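A look at the structure
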Amino acid sequence: DQVESDLIFLGLLILENRLKEETKPALEELISARIRTVMITVARKSGMVSESQKVILIEANETTESSSASISWQLVEEKKHIAYRNQDNYINIREEVSDNSREGSYHFALSGKSFQVISQHFGSLLPKILINGTIFARMSPGQKSSLVEEFQKLDYFVGMCGDGANDCGALKMAHVGVSLSEQEASVASPFTSKTPNIECVPHLIKEGRAALVTSFCMFKYMALYSMIQYVGVLLLYWETNSLSNYQFLFQDLAITTLIGVTMNLNGAYPKLVPFRPAGRLISPPLLLSVILNILLSLAMHIVGFILVQRQPWYSMGMHSTCTVQNETTSKLTISPTAPDKIGSNGVFTSFENTTIWFLGTINCIIVALVFSKGKPFRQPTYTNCE
C-alpha cells in the first residue's frame, strides 16, 4: 500500500498483440488441406472462425460450499445463457445453432480455468468439446500440455507452435513441436523456425510428407530390385546357367546405385493437398503395389525366356554351362554355326542369359520410374536436375 500511495498519474500504456501478416495465409492453406487448426488465443481475425460461423462460449465453475461444479455455454452473438450442473448431460447443438447453419459451422471457445474444471468434473463432455473446440484462451503452461495430451487421446497427430518459455511443456508433449523463437522454446522443440511466424508449418508438412513418400519408394524399389534379380537367376538356374560377375556388377552399380542416388532428389510438391500419404509400411496399398510389380516382373521374364527359345536362330547347344568331363558328355555334337561358343576359359554364349539380363535391367528402370511418382506429394522426376 505504501508503494502505491501518493502516485502521480502520467498516462495509460496500452499493449496490443496484433496478428502477423503471414498468419492468416498460412492458416488458410492448412484449412484448405483439411488440417484442423486450434489457437490458444482469439481466432476471429485469423480466419479460423469465419463471420458466418457461430462461436459458443463455454464457462465452467468450480465446486463451492453452496453449489456443485457447473458448466454453461452461450452463443457469443446472442448472449444466450444455458447452465448445467454436475450431471451427465449433453450439448444439443441443434438448439444452439440456427436451422440454416450447416454442420460444423460452430466453434467452442473456453478459457484455461474452464478447461481445468471440465477435465476434473465433466470428463464425458471433454472429447465432444475438443472435437469442435477452436479457441482456448488464457491457458497456463500445464493446461497447454494437458490440452495437447487430450487431443492425442482422440487419435490426433498434434503439432504445436510456440515462442515462449510457457510453451515448452506443450512443445515437448506434441508429436511435432515448432519453436518460433531461438530462446527457451527452441530447447524443448525438435524444430526451430528462423522466421517468427507460422508460415513454416505448411512447408514443414510438405517436406515431411515428401520425405515419407520417398522413404517408402526407396524401400519398394530395393525390395523389387532384389526380387527382379532373384527371378532372373532362378530361371537361368533352370537351364544350369547364371549371370556373370560383370552383369551383376553393372546392375548393382550402374543401375541400382545411380537410381538410388537420384530417386530421392524429388522436392516437395508446392501445394498442400487435403489428404495424407500412407503412414504404415505394411499397408494394403503399398503391399499391393509391390506384389503386382513382382508378378509383372515374373511374367516378363517367363515370356522372354520362352520366346527366345522359339526363335528360328536359337540353338539348343548354346545355353548350358555343363563342363565336358566324361566320355558321355564328350560325345555331344557342337553346332557348326557356332564353333566358338565355348572358349578355353569357360566363356560361352547363351541367348537365355542375355535375354534375362536385358529384361531385368529394363524392369529395374521401369520400376524406378513407376515408384518415382511426383504429384501430389513430390515434384516430378524431371525436376531433379533443377
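Residues numbered from 1 in each chain as written. Predicted model: local features only at pLDDT ≥ 70, side-chain atom pairs only at ≥ 80, totals over all residues. Heavy atoms only, no water.

1. Some words on the sheet that holds strand S7 (residues 176-179)
Taken together, three strands build an open sheet; the order of strands is S6-S7-S8 and the sheet is parallel. The two strands at the open ends of the sheet, each matched to only one other strand, are strand S6 (159-162) and strand S8 (191-192). Of the pairings in the sheet, the one linking S7 to S8 comprises two bridges and is parallel in character. The residue bridging Ser179 from the neighbouring strand is Thr192, located in S8. (Pairing = 2+ DSSP bridges. Helix = DSSP H or I, 4+ residues; strand = E, 2+ residues; numbered from the N terminus.)

2. Thoughts on the packing of aromatic side chains
Scanning the model with the defined rule gives seven aromatic pairs in all. Judged by centre distance (5.5 Å) and plane angle (55°), the rings of Phe250 and Trp357 are tilted. Here the residue Phe250 occupies a position in helix H9 (residues 245-262), and Trp357 occupies one in helix H12 (residues 351-371), the gap between them amounting to 107 residues. With relative accessibility at 37%, the residue Phe250 sits in the partly exposed group. Chaining the aromatic ring pairs together yields one cluster made of Phe136, Phe151 and Tyr156. In this structure, Lys220 is placed above the aromatic ring of Phe371, and the distance from its NZ or CZ to the ring centre is 4.5 Å. (Phe/Tyr/Trp six-rings, centres within 6.5 Å; stacked < 30°, edge-to-face > 60°. Buried < 20%, exposed > 50% of the residue type's maximum accessible area, 1.4 Å probe, protein only. Lys NZ or Arg CZ within 6 Å of the ring centre and 35° of its normal.)

3. Observations concerning the UniProt feature "transmembrane region" (unreviewed entry) in the protein chain
In this structure's numbering, the residues bearing the UniProt feature "transmembrane region" (unreviewed entry) are residues 219-238, 244-265, 286-308 and 354-371. From the first C-alpha to the last, residues 286-308 spans 33 Å; its make-up is 100% helix and 0% strand. (UniProt positions renumbered as here; feature names shortened; annotations may be inferred.)

4. Considering helix H1 (residues 23-32)
Within H1 the residues assigned to the buried category are Thr23, Ala26, Leu27 and Leu30. Taken down its axis, H1 places every buried residue within 95° of arc, on the same side. Buried positions along H1 lie against helix H8 (200-238). Residue Arg34 follows H1 closely and has a positive phi angle near 60°. (Arc of directions from axis to C-beta. Contact = heavy atoms within 4.5 Å.)

5. Looking at the pattern of salt bridges
A side chain of one charge can pair with a side chain of the opposite charge if their charged atoms are brought near each other. If you walk through the whole model with that rule in mind, you get three salt bridges. Between Lys144 and Asp167 there is a salt bridge, with its nearest N and O atoms 2.6 Å apart. You can see Lys144 sitting in helix H5 (residues 141-153) and its partner Asp167 sitting in the loop between S6 and helix H6 (168-173), a full 23 residues away along the chain. With respect to burial, Lys144 and Asp167 carry one shared label: buried. Across the pair Lys153 and Glu150 runs a salt bridge, and its minimum N-O distance is 3.5 Å. One end of the pair is Lys153 and the other is Glu150, both in helix H5 and three residues apart, which spans about a single turn. For Glu150, a relative accessible area of 19% corresponds to the buried category. (Salt bridge = Lys/Arg side-chain N within 4 Å of Asp/Glu carboxyl O.)

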